[in-house]
Amino acid sequence: MTVHLLATPNVQQTKAFVMDGFAMITLRFCEILKRLGVQTILYGSEETDASVSKLVTCISKAEIETMLAGQPYQRCNYAAENPMFGAFNARASSALAGLKRHGDLIATICGTANGIVSQSHPDLTYLEWSVGYQGVAAHSHRIYQSHAWRSCVHGYTATQMGREFDAVIPPFYDVATFTPRAPEDYVLFVGRTDPVKGAPLACRIAQEAGVRLVLIGYGDAKEITYGENLGSVSDEERNRLLAGALCVLMPTRYIEPFGQVSAEAQLCGTPVLGPDFGAYVETIDHGVSGYRCTSLGEYVAAVDLARSLNRHVIRDRAVRLWSLETAVESYRRYFARLARLRADGFDSLEGFHGSDGLDTGSTRDLESAARRAERYLGTLADEAEAVA
């Protein structure tokens, strides 16, 4: 099997675009596929740091610059009607026609924005491999970033019946890039400096708590009423600041699909303060890895309470939940589920596979799931060879 991975067309798939969460997780997904032994063709722009079998250029740097028209790359409109996606999709679809084989899979992180590519190749499975957005394609298989977001999307799309071959796999990280260190006397905000992400509220929280606030991100400077705004920084500096903060403030005002900064902070051992809704109910263990707050007063009190949380416990929990190694096994099991879909589907009499159940699976279950996934990949490769 070959995975035809559609990148986001607004950036190069390199570490230089650290403020683009889609680009960064795409690089890590390529590493997951590599560890699973899956051949990957990346459809993107001119450059990538990803370890893939082939890079297909579907949009040039010059075209990206022209179509962004001076807007930050993070403000790209992820929609099929965006001319950037229109040009990218047409070229990706054309290139894919000459590269695909029976049993291949199209993978996207942009849902309906790339939907025309899948519609042009209905013979291939369309997988939305990390859904943290509303615009899901009706005909896709979906892996959501959180259980909370899966429920939200079901509401947005008026989906009343279950979809057994969807799944939840949270975002994943190279834990070696996050090095814990002794905290300093500041709190940190990372993200868009706008009311939706909670930047103005973060300013109020820090000011009321009487602590220094450091902000990393982009957006309207007028929304920042307190603290020091560093703007964009390097990946290394960002992680250093995450590790050194007393806590990270994430008072998001909307339903957060996951909140990657929350996981990254905890991988540094740093507590996170966020709201009591959205994915934070899954990512923040209240009173252990941070606090979920429902008022300004609770946020202010939590700043002081966060000082006493065990940063080693926070780090260990985060590694267990969000490491690349954990994700490799999760995606391995998901491919095994796709193998069941190609066979008996819901009527399969196979049982739980490892932590697909209630975390009571044996090592034998995990090994069995791995063997089934490998057989599935081998079957697809044999089919592709037969067609060729």
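In what follows, the structure referred to is the one given above.
Every value quoted in this text rests on a predicted model; they were computed, and no experiment measured them.

A.B. asks: A description of the overall build of the protein chain should follow, citing residues and the corresponding values.
C.D. replies: Along the protein chain, the regular secondary structure elements total 13 helices and 13 strands. In the protein chain, the proportion of contacts linking residues at least 24 apart, taken out of those at least 6 apart, comes to 61%. Carbon and sulfur atoms provide 51% of the accessible area of the protein chain, an area that totals close to 16600 Å².

A.B. asks: Before we move on, can you summarise the packing of helix 6 (residues 199-209) against helix 10 (residues 296-305) with the specific residues and values?
C.D. replies: At their nearest, the axes of helix 6 and helix 10 sit 9 Å apart, and the two run at 55° to each other. Relative to helix 10, the element helix 6 is oriented oblique. The two elements helix 6 and helix 10 meet at a crossing, and its hand is right-handed. Where helix 6 approaches helix 10, its residues L201, R204, I205, E208 and A209 are matched on the opposing element by L296, Y299, V300 and V303. For the contact of helix 6 with helix 10, the residue count by class is 7 nonpolar, no polar and 2 charged.

A.B. asks: Could you give me a rundown of the pattern of salt bridges, with the residues and numbers involved?
C.D. replies: One pass over the full model with this rule turns up 17 salt bridges. With a shortest N-O distance of 3.5 Å, D304 and R307 are connected by a salt bridge. Among the ionic contacts, a cluster of salt bridges with common partners joins E31, R35 and E325.

A.B. asks: Give a detailed account of helix 6, specifying residues and quantitative values.
C.D. replies: Buried residues of helix 6: A199, L201, A202, C203, I205 and A206, and no others. Buried residues along helix 6 sit in contact with strand 8 (186-190), strand 9 (212-216), strand 11 (248-249) and helix 10.

A.B. asks: Account for the packing of aromatic side chains, with residues named and values stated.
C.D. replies: A complete count under the given rule lists 9 aromatic pairs for this structure. When the ring of F17 is compared with that of Y73, the centres are 5.1 Å apart and the planes differ by 75°; the resulting orientation is edge-to-face. Here the residue F17 occupies a position in the loop between strand 1 (2-6) and helix 1 (21-35), and Y73 occupies one in the loop between helix 2 (61-68) and helix 3 (83-99), the gap between them amounting to 56 residues. Taking the relative accessible area as the measure of exposure, Y73 reaches 19% and is therefore buried. For the ring pair Y173 and F178, a centre distance of 6.2 Å and an interplane angle of 80° mean the geometry is edge-to-face. An identical accessibility class is assigned to Y173 and F178; each is buried. In textbook terms, an aromatic cluster arises when at least three aromatic residues are bridged by ring pairs, as seen for F29, W129, F172 and Y331.

A.B. asks: Go over the nonpolar core, please, and point to the residues and values.
C.D. replies: Within the largest apolar cluster, 65 residues are counted, with the highest numbers of intra-cluster contacts made by F29, I32, Y43, W129, F172 and Y331. When residues of this core are assigned to their parent elements, the largest contribution, 9 residues, is made by helix 1. Contact partners of F29, with chain neighbours within four places excluded, come to L5, A107, W129, F172 and Y331. Residues L241, F258, C268 and A318 belong to the second largest nonpolar core, which totals 26 residues.

A.B. asks: I'd like a rundown of the side chain of S262, residues and numbers included.
C.D. replies: Mapped onto the elements, S262 comes out in helix 8 (residues 260-267). Looking at S262, its side chain comes within polar contact range of the side chain of Q266, at 3.0 Å.

A.B. asks: Please give an account of the sheet that holds strand 4 (residues 105-108) that cites residues and values.
C.D. replies: Spatially, 3-2-1-4-5-6-7 is the arrangement adopted by the 7 strands of the open sheet, whose pairing is parallel. Bordering the open sheet on either side are strand 3 (54-57) and strand 7 (167-168), each of which pairs with just one other strand. In this structure, strand 1 lies alongside strand 2 (residues 39-44), joined through 5 bridges in parallel fashion. Within strand 2, the residue paired with T2 across the bridge is Q39. Each of strand 1, strand 2, strand 3 and strand 4 touches helix 3; the most contacted strand, strand 2, lies at about 150° to it. On the sheet, helix 5 (residues 147-156) packs against strand 5 (125-131), strand 6 (141-144) and strand 7 and is oriented at approximately 135° with respect to strand 6.

A.B. asks: Please set out the packing of helix 8 against helix 11 (residues 311-322) residue by residue, giving values where relevant.
C.D. replies: Contact pair helix 8 / helix 11: the axes reach a minimum separation of 7 Å and the direction vectors enclose 125°. One element, helix 8, and the other, helix 11, form an angle in the oblique class. Together, A263, Q266 and L267 of helix 8 and I314, R315, R317, A318, V319 and W322 of helix 11 make up the contact between the two elements. Residues belonging to the contact of helix 8 with helix 11 are distributed by class as follows: 6 nonpolar, 1 polar and 2 charged.

A.B. asks: How would you summarise the pairing of strand 1 if you had to cite specific residues and measurements?
C.D. replies: Burial runs high along strand 1: 5 of the 5 residues are buried. Of the two faces of strand 1, both are covered, the one formed by T2, H4 and L6 as well as the one formed by V3 and L5. Assessed by its sense of winding, the connection that carries the chain from strand 1 through helix 1 to strand 2 is right-handed. Judged from the 3 bridges that link them, strand 1 and strand 4 form a sheet pairing that is parallel. Across the sheet, L5 pairs through a bridge with A107, a residue of strand 4.

A.B. asks: Kindly report on unusual backbone geometry, identifying the contributing residues and their values.
C.D. replies: Its identity is not glycine, yet A69 carries a phi of approximately 55°, on the positive side. For A69, a relative accessible area of 60% translates into the label exposed. Here A158, not a glycine, exhibits a phi torsion of approximately 55°, which is positive. Counting through the fold element by element, A158 comes out in the loop between helix 5 and strand 7. The exposed category is assigned to A158, whose relative accessible area is 60%.

Cut-offs and rules
Residues numbered from 1 in each chain as written. Predicted model: local features only at pLDDT ≥ 70, side-chain atom pairs only at ≥ 80, totals over all residues. Heavy atoms only, no water. Helix = DSSP H or I, 4+ residues; strand = E, 2+ residues; numbered from the N terminus. Contact = heavy atoms within 4.5 Å. Areas by Shrake-Rupley, 256 points an atom, 1.4 Å probe, with all protein chains shown as cover. Axes fitted to C-alpha atoms, helices over the stretch in contact; angles between N-to-C directions. Parallel < 35°, antiparallel > 145°, perpendicular 65-115°, else oblique. Left-handed = near helix turned anticlockwise from the far one by under 90°. Nonpolar A, V, L, I, M, F, W, Y, C, P; charged D, E, K, R; others polar. Salt bridge = Lys/Arg side-chain N within 4 Å of Asp/Glu carboxyl O. Buried < 20%, exposed > 50% of the residue type's maximum accessible area, 1.4 Å probe, protein only. Phe/Tyr/Trp six-rings, centres within 6.5 Å; stacked < 30°, edge-to-face > 60°. Core = buried A, V, L, I, M, F, W, Y, C linked by side-chain atoms within 4.5 Å. Polar contact = N/O pair within 3.5 Å; in protein donor to acceptor, adjacent residues only side chain to side chain. Pairing = 2+ DSSP bridges. Right-handed = clockwise from strand over helix to strand, strands pointing away.

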